[in-house]
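If you want the building blocks of each chain, they are given just below.
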Amino acid sequence: MISLAHVSKEYPTHSGRALVLDDVSFSVMPSQKVGILGRNGAGKSTLIRIISGAERPSSGAITRNMSVSWPLAFGGAFQASLTGLDNIRFICRIYGQSPKDAEAYVQEFSELGRYLREPVKTYSSGMRARLAFAISMLIEFDCFLIDEIMAVGDVRFQRKCHDELFVKRADRAMIIVSHDESYIRSHCSEAYILHEGRIIRGGNLDDTISIYNSLMQ
């Protein structure tokens, strides 16, 4: 289980402290697919980074009794001066994976070819996203974090990503944050709304989406 208890997050600004998350509490059970709906700027990416451990909350507590991925297609943790292959080897050392098998998998899946031997700082944002997604699939996490719709590459590559995550790993828990209700409806059995920093529970999925639509008007 992953549990957030009274999590808040503040950031300093020139006009004072900005409260992005305000007393957020919810839980995710093994194999459960939970969506977090919110407009752009609602704090969804902040929430997903806190769940992953990339950021710490200002207050509150997070309990992780499942292994949790970093946000999929997030390349912020790359060492930009290292090559793609060097970053793969680094991740493998952290998680105890076979570098040889990992390199072959990422080479085939990412379709980056010779660019894997180039420094990541030379990559386009799309190339970084491809590398990040492929590396994410190396580790068999119990819960995957998905930040917005994964528009990685062309339509064919997006279908490949969909199959790798939602078909082959259908038994895993997932937390999906998005402003797109249709994406949440397609992949989640339960959803919450993040509005003005607070979590709104709308009952079943249809009721939650109905409340979300009324808030967006």
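Everything discussed here concerns the structure shown above.
What comes next concerns the included structure.

Basis of the calculations
- Residues numbered from 1 in each chain as written.
- Predicted model: local features only at pLDDT ≥ 70, side-chain atom pairs only at ≥ 80, totals over all residues.
- Heavy atoms only, no water.
- Core = buried A, V, L, I, M, F, W, Y, C linked by side-chain atoms within 4.5 Å.
- Buried < 20%, exposed > 50% of the residue type's maximum accessible area, 1.4 Å probe, protein only.
- Helix = DSSP H or I, 4+ residues; strand = E, 2+ residues; numbered from the N terminus.
- Contact = heavy atoms within 4.5 Å.
- Phe/Tyr/Trp six-rings, centres within 6.5 Å; stacked < 30°, edge-to-face > 60°.
- Expected span 1.5 Å × (residues − 1).
- Arc of directions from axis to C-beta.
- Axes fitted to C-alpha atoms, helices over the stretch in contact; angles between N-to-C directions.
- Parallel < 35°, antiparallel > 145°, perpendicular 65-115°, else oblique.
- Left-handed = near helix turned anticlockwise from the far one by under 90°.
- Nonpolar A, V, L, I, M, F, W, Y, C, P; charged D, E, K, R; others polar.

## So, the nonpolar core
Right, on to step 1. Of all hydrophobic cores here, the largest spans 41 residues; its most connected members are Ile-88, Leu-131, Ile-135 and Leu-165.
Right, on to step 2. Top contributing element to this core by residue count: helix α4 (residues 125–136), with six residues.
Right, on to step 3. When neighbours within four sequence positions are excluded, Ile-135 is seen to be in contact with Trp-70, Phe-78, Ile-88, Ile-91 and Val-106.
Right, on to step 4. Val-20, Phe-26, Val-177 and Leu-194 belong to the second largest nonpolar core, which has 25 residues in total.

## Examining unusual backbone geometry
Right, on to step 1. Positive phi outside glycine occurs at His-6, with the angle close to 55 degrees.
Right, on to step 2. Along the chain, the position of His-6 falls in strand β1 (residues 2–13).
Right, on to step 3. Despite not being glycine, Asp-23 shows a phi value in the positive range, around 60 degrees.
Right, on to step 4. When you line up the elements, Asp-23 lands in strand β2 (residues 16–28).

## Some remarks on the packing of aromatic side chains
Right, on to step 1. Counting across every chain of the model gives eight aromatic pairs.
Right, on to step 2. Summarising the aromatic geometry, the rings of Phe-109 and Phe-157 are spaced 5.6 Å apart at their centres and angled 65 degrees between planes, so their arrangement reads as edge-to-face. With Phe-109 in helix α3 (residues 99–110) and Phe-157 in helix α5 (residues 155–167), this residue pair connects regions lying 48 residues apart in the sequence. For the pair shown, Phe-109 and Phe-157 are each scored as buried.

## Re helix α7 (residues 205–216)
Right, on to step 1. With twelve residues, α7 extends 17 Å between its outermost C-alpha atoms, agreeing within 8% with the 16 Å of an ideal straight helix rising 1.5 Å per residue.
Right, on to step 2. Taken residue by residue, α7 has Leu-205, Thr-208, Ile-209 and Tyr-212 as its buried positions. End-on view of α7: buried residues confined to an arc of 95 degrees, all on one side of the axis.
Right, on to step 3. Against β3 (33–37), α6 (181–187) and β8 (190–195) lie the buried residues of α7.

## With respect to the packing of α3 against α4
Right, on to step 1. One can describe the packing of α3 onto α4 by two numbers: an axis separation of 9 Å at closest approach and a directional angle of 135 degrees. One way to sum up the angle between α3 and α4 is to call them oblique. Pair α3 / α4 crosses with right-handed handedness. Mapping the contact onto sequence places Tyr-105, Val-106, Phe-109 and Ser-110 in α3 and Arg-130, Leu-131, Phe-133, Ala-134 and Ile-135 in α4.
Right, on to step 2. Taken together, the residues of the contact of α3 with α4 break down into seven nonpolar, one polar and one charged.

These figures come from the coordinates and say nothing about function on their own.
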